[in-house]
Amino acid sequence: MKKTSYDVLKYMQDNKGSQLTATIIADALGTNVKSVNGIVTMSLCRHKDADKNDQPLAERLDEKIKISYTDDEGNEKEKEEKLIVLTPAGETFVTDEITEYFIYGVIRRRGKC
């Protein structure tokens, strides 16, 4: 899992119970909506466990909510977006040392090497 994927997952875990869409997550993390949509689809919805079995961490619901946003030209606009929610696996997902290595660049060792 890359750092950006981890950031999206962590934001969703920290805001469990809130109505989240790609636009809301992107605004909160200071990134663009296309990146968040890609992360949700490729990293969270298609997540696999250590044995390569499907274990989605998030899913998109058919339910939509209206989102207000500002376009590139500074105009206020409104659109409908699907809600994104964590699965039970996503709610309890914790990184392991290998994942932390890719996220933080170091493995926090316990004891001697």
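For the structure, check the block above.
Since we're looking at a predicted model, the values are computed, not measured.

## Structural notes on helix α3 (residues 33–45)
Of all the bends in α3, the greatest, near 25°, is centred on I39. Of the positions making up α3, those classed as buried are V36, I39, V40, S43 and L44. Against the buried residues of α3 lie α1 (3–14), α2 (22–29), β1 (58–70) and β2 (76–86). Its side-chain oxygen placed 3.2 Å from the backbone nitrogen of K34, N32 serves as the N-cap of α3.

## With respect to the layout of surface pockets
Approximately 150 Å³ is the volume attributed to the second largest pocket. For the lining of the second largest pocket, the secondary-structure elements that each account for two or more residues are α2 and β1. For the lining of the second largest pocket, the leading source of residues is α2, giving three residues. Partitioning the lining of the second largest pocket into residue classes produces three nonpolar, three polar and four charged.

So, how was this worked out
Residues numbered from 1 in each chain as written. Predicted model: local features only at pLDDT ≥ 70, side-chain atom pairs only at ≥ 80, totals over all residues. Heavy atoms only, no water. Bend = angle between axes of the 7 residues up to and from the residue. Helix = DSSP H or I, 4+ residues; strand = E, 2+ residues; numbered from the N terminus. Buried < 20%, exposed > 50% of the residue type's maximum accessible area, 1.4 Å probe, protein only. Contact = heavy atoms within 4.5 Å. Polar contact = N/O pair within 3.5 Å; in protein donor to acceptor, adjacent residues only side chain to side chain. 1 Å grid on protein atoms, 1.4 Å probe; cavity = no way out; pocket = protein on both sides within 12 Å on 5 of 7 lines; lining within 4 Å. Points joined across faces, edges and corners; volume = space filled by probe spheres on them. Nonpolar A, V, L, I, M, F, W, Y, C, P; charged D, E, K, R; others polar.

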